[in-house]
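Architecture at a glance
Each chain is listed here by its residues.
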Amino acid sequence: MPLESLKSLYVDQLRDLYNAENQILAALPKMAQRSSHPELKNAFQQHEQVTKTHVDRLNQIFKQLGVQPQGETCEGMQGIIQEGEKMLKERSDPDTLDAALIAAAQRVEHYEIAGYGTVRTYANELGFGEQADLLQRTLNEEGSTDHKLTQIAETVVNADAMSAA
C-alpha cells in the first residue's frame, strides 16, 4: 500500500504493530519457560494474555477501517526478538538469564510504546476517536508491563544476578 496520506500511513503502522504483536505471542511462552523467578514467569504468562487482547483490539480497528491486518512484517520487532532468542541460547546463570530476559522484554515494550503512541496520535488527528481510545488502552497496558518488569528487576532479579558466580 503506497503511503499517500496520513490514513495510509496509519494503516501501514497498524499492520506493523499487528505483526509485532503476533511475533511477541510466539516469543512469550519461550521466555516464560526459561524464566527461573516465579514473578518473572508469571509476568510473561500474564502478558501473553494481555497481548492477545491487543491483537483483538487491532482486529477490531482493522474491521472498522475495512482493511485486512496482514501485509506488513515488523522487521524492528523481528530484530529485537532475534536478540532475545540469542540470549536464550547462551549458557548462563539462571538469575543472570532472568535479568537478560527482562532487558529483552523491556526493549520490546519500549518499541511497542513508541508504535502505539504514534498510531494513537494518528487516530486522533484522523478523527477516529474510538480507535484512539482503544490504542490508548493498549498503550497504558504496555506502560504497565514495562513498570512491572522494572519492579521485578529492582526488587528480586538484579540482586540475585549480582550474587551469581
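Our subject is the structure listed above.
What this report covers is the structure whose coordinates are included nearby. If you're wondering where the values come from, they're calculated on a predicted model, not measured in any experiment. Position numbers for residues count from 1 along each chain, tracking the sequence in the order it is written. Per-residue local features are limited, in this predicted model, to residues with pLDDT of at least 70; the limit for side-chain atom pairs, both in listing and counting, is 80 or more; totals at the level of whole chains, interfaces and linings are taken over all residues. Computation of side-chain values covers all heavy atoms of the structure but excludes hydrogens and water.

Turning our eyes to something else, we now look at the nonpolar core. Nonpolar side chains tend toward joint burial in soluble globular proteins. With 25 residues, the main nonpolar core has Leu40, Phe44, Met77, Leu101 and Ile102 as its most contacted residues. Among the secondary structure elements, those contributing two or more residues to this core are helix 1 (6–34), helix 2 (38–65), helix 3 (75–89), helix 4 (94–125) and helix 5 (129–162). In this description, a nonpolar core means a group of buried Ala, Val, Leu, Ile, Met, Phe, Trp, Tyr and Cys residues linked to one another through side-chain atoms lying within 4.5 Å. Only protein chains enter the calculation, and the probe is 1.4 Å; a residue is then buried if its accessible area is under 20% of its type maximum, exposed if over 50%, and partly exposed in between. In this structure, Tyr10, Ile61, Ala123 and Leu135 belong to the second largest nonpolar core, which totals 19 residues. Numbering of helices and strands starts at the N terminus; helices are DSSP runs of H or I of at least 4 residues and strands are runs of E of at least 2.

Okay, the pattern of salt bridges next. When a carboxyl oxygen of Asp or Glu lies within 4 Å of a side-chain nitrogen of Lys or Arg, that pair is called a salt bridge. According to the stated counting rule, one finds 2 salt bridges in the structure shown. A salt bridge links Glu85 to Lys30, with the shortest nitrogen-to-oxygen separation between them at 3.3 Å. Of this pair, Glu85 sits in helix 3 while Lys30 is found in helix 1, placing the two residues 55 residues apart along the sequence. Note that Glu141 and Arg57 form a salt bridge whose closest N and O atoms lie 2.8 Å from each other. Here Glu141, found in helix 5, pairs with Arg57, found in helix 2; they are 84 residues apart in sequence, far enough to count as distant. Taking the relative accessible area as the measure of exposure, Arg57 reaches 7% and is therefore buried.

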